[in-house]
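Coordinates in review
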Amino acid sequence: MTKTNDPEGTPPRVRTLADLARLAGVTAGTVSRALAGKELISAETRERIQKLADEHGFRPNQMARRLRTQRTGVIGVVVPLGHERRQHLSDPFFMTILGHLADALTENGYDLMLSRIIPDANDWLERIVTSGMLDGVLLIGQSDQFEAIERVAATYRPLVVWGSALPGQVHCAVGVDNRMGGRLAAERLIERGCRRLAFLGEVRTLELIERHRGVCDALAAAGLPPPLQLDTHLASDIMADEIAGHVDALPPEVDGIAAASDVIAMRTIRALVDRGISVPGRIAVTGFDDLPLSESIVPRLTTVRQDLVTGARAMVDALFARIGGADAPSVEMPPVLVPRDSA
């Protein structure tokens, strides 16, 4: 039996909804609805009950509330790395978009559960969405897991992905037109007079494949040969050595480099300058992302902007719409060339 009065005339201790209901002279159901802000309860009664709860330091049992509402109040933010098992969450791109997603989720009263996933089985995403721990899932990147994402999205609606949107795609994706972005970067290099380009980046993920295709599109339209594609991993512990090797082996006719990301571009500029190669005088370089660091390096990086602030907000808005039972289509944002000093 719950003890409602302490010795020596101290105020009653309120530990449960029933305790607070007795103190307020209403039913436990009324207390529950009042604390949840339900408009079925008059504003006067809601205010009175909330004041009593505050005075007695009462906090509703969140676990019980979640059992009643069938909601956990938690969103999973998942980074799948099937294509790049050594990449870290400390990557500047991940840190930037994670910050914007966390802001948008917490402003809406949700917590987030962050997972870095190396897909070790075909059903890795099924295990996440059926865990019972989450109200929805945000994926940062499609990695090389497009088919797995499509399969789960066919039956699990509160799933939104940062990535590319293809015709007929089932899953909801928010991202930039990566192919157009790659084309913008290459066109900038061509306008500067570059005639032999190299593309530094891997082509195992849909986003980077599209960026490479965009570079190829621009070169073909200008009557120039396709880019020299130099496989470059996104994992920071091997990227620098790979780029150094690429720079040392560059054919002398290469006069422009379209990097698949800002991080690759910045590492490339460092490797070129360390070898006494002028940027952009001898070789011009473009990046992709427009991370905050891109305008802090010397020379400042010419890049293609993905609006991560708008994109993160669009992901969260689409997810909440889907949690609420509505549909939310994919969003493809236009890329923006940001011309600076490197190209």
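Residues numbered from 1 in each chain as written. Predicted model: local features only at pLDDT ≥ 70, side-chain atom pairs only at ≥ 80, totals over all residues. Heavy atoms only, no water.

**Things to note about the packing of helix H10 (residues 236-248) against helix H11 (residues 262-274)**
Two numbers describe how H10 lies on H11: the axes approach to 9 Å, and their chain directions differ by 50°. Compared by their axis directions, H10 and H11 come out oblique. By crossing handedness, the relation of H10 to H11 is classed as right-handed. Of H11, the residues touching H10 (which contributes Ser236, Met239, Ala240, Ile243 and Val247) are Val263, Ile264, Arg267, Thr268, Ala271 and Leu272. (Axes fitted to C-alpha atoms, helices over the stretch in contact; angles between N-to-C directions. Helix = DSSP H or I, 4+ residues; strand = E, 2+ residues; numbered from the N terminus. Parallel < 35°, antiparallel > 145°, perpendicular 65-115°, else oblique. Left-handed = near helix turned anticlockwise from the far one by under 90°. Contact = heavy atoms within 4.5 Å.)

**Regarding H10**
Given 3.6 residues per turn, any residue in an α-helix points the same way as the ones three and four places further on. For H10, with 13 residues, the first-to-last C-alpha span of 19 Å sits near the 18 Å given by 1.5 Å per residue. Restricting attention to buried positions, one finds in H10 the residues Ile238, Met239, Ile243, Ala244, His246 and Val247. Elements that come into contact with the buried residues of H10 comprise strand S6 (197-200), strand S7 (228-230) and H11. (Expected span 1.5 Å × (residues − 1). Buried < 20%, exposed > 50% of the residue type's maximum accessible area, 1.4 Å probe, protein only.)

**Some remarks on helix H8 (residues 178-191)**
A rise of 1.5 Å per residue sets the reference length of H8, with its 14 residues, at 20 Å; its end C-alpha atoms lie 20 Å apart and thus fit the reference within 8%. Within H8 the residues assigned to the buried category are Asn178, Gly181, Gly182, Ala185, Ala186, Leu189 and Ile190. At the N-terminal boundary of H8, the capping side chain belongs to aspartate 177, with an oxygen 3.3 Å from the backbone nitrogen of arginine 179. A positive backbone phi angle near 105° is found at glycine 193, which sits one or two residues after H8. (Polar contact = N/O pair within 3.5 Å; in protein donor to acceptor, adjacent residues only side chain to side chain.)

**Side note on the domain arrangement of the chain**
Interface size is often expressed as the accessible area that is lost when the parts come together. Domain assignment breaks the chain into domain 1 (17-69), domain 2 (74-177 + 308-335) and domain 3 (178-305). Averaged C-alpha coordinates put domain 1 and domain 2 at centres separated by 35 Å. (Domains from an automatic or database assignment.)

**Focus on the sheet that holds strand S1 (residues 74-80)**
Taking strand neighbours across the sheet as the criterion, the 6 strands line up as S2-S1-S3-S4-S5-S11 in an open arrangement whose pairing is parallel. Taken across any chain shown, the strands that pair with only one partner, and hence form the sheet edges, are strand S2 (111-117) and strand S11 (331-333). On average, adjacent strands in this sheet sit at an angle of 15° to one another, irrespective of strand direction. When strand S5 (residues 172-176) meets S11, the two strands line up parallel, connected through 3 bridges. Looking at the pairing, glycine 175 lines up with glutamate 332 of S11. (Pairing = 2+ DSSP bridges.)

**Looking at the environment of alanine 102**
With respect to the helices and strands, alanine 102 occurs in helix H5 (residues 92-107). Here the alpha-carbon distance between alanine 102 and leucine 112, two residues 10 residues apart in the chain, equals 7.1 Å.

**Section: the side chain of glutamate 207**
For glutamate 207, the position within the fold is in helix H9 (residues 206-221). On the basis of relative accessible area, glutamate 207 is assigned to the buried category, the value being 13%. In this structure, glutamate 207 is in contact with Gly141, Gln142, Trp162, Gly163, Ser164, Asn178 and Gln306, ignoring residues within four places of it in sequence.

**Some thoughts on the sheet that holds S7**
The 4 strands lie next to each other as S7-S6-S8-S9, forming an open sheet whose pairing is parallel. Where the open sheet ends on each side, the last strands, each with one partner, are S7 and strand S9 (284-286). If you compare each strand with its neighbour and ignore which way they point, the axes differ by 20° on average. Note that S6 and S7 share 3 bridges and pair parallel. Bridging from a neighbouring strand, alanine 198 pairs with leucine 228 of S7. Here H9 sits on the sheet and contacts S6, S7 and strand S8 (256-259); the angle it forms with S6, its principal contact strand, is near 175°.

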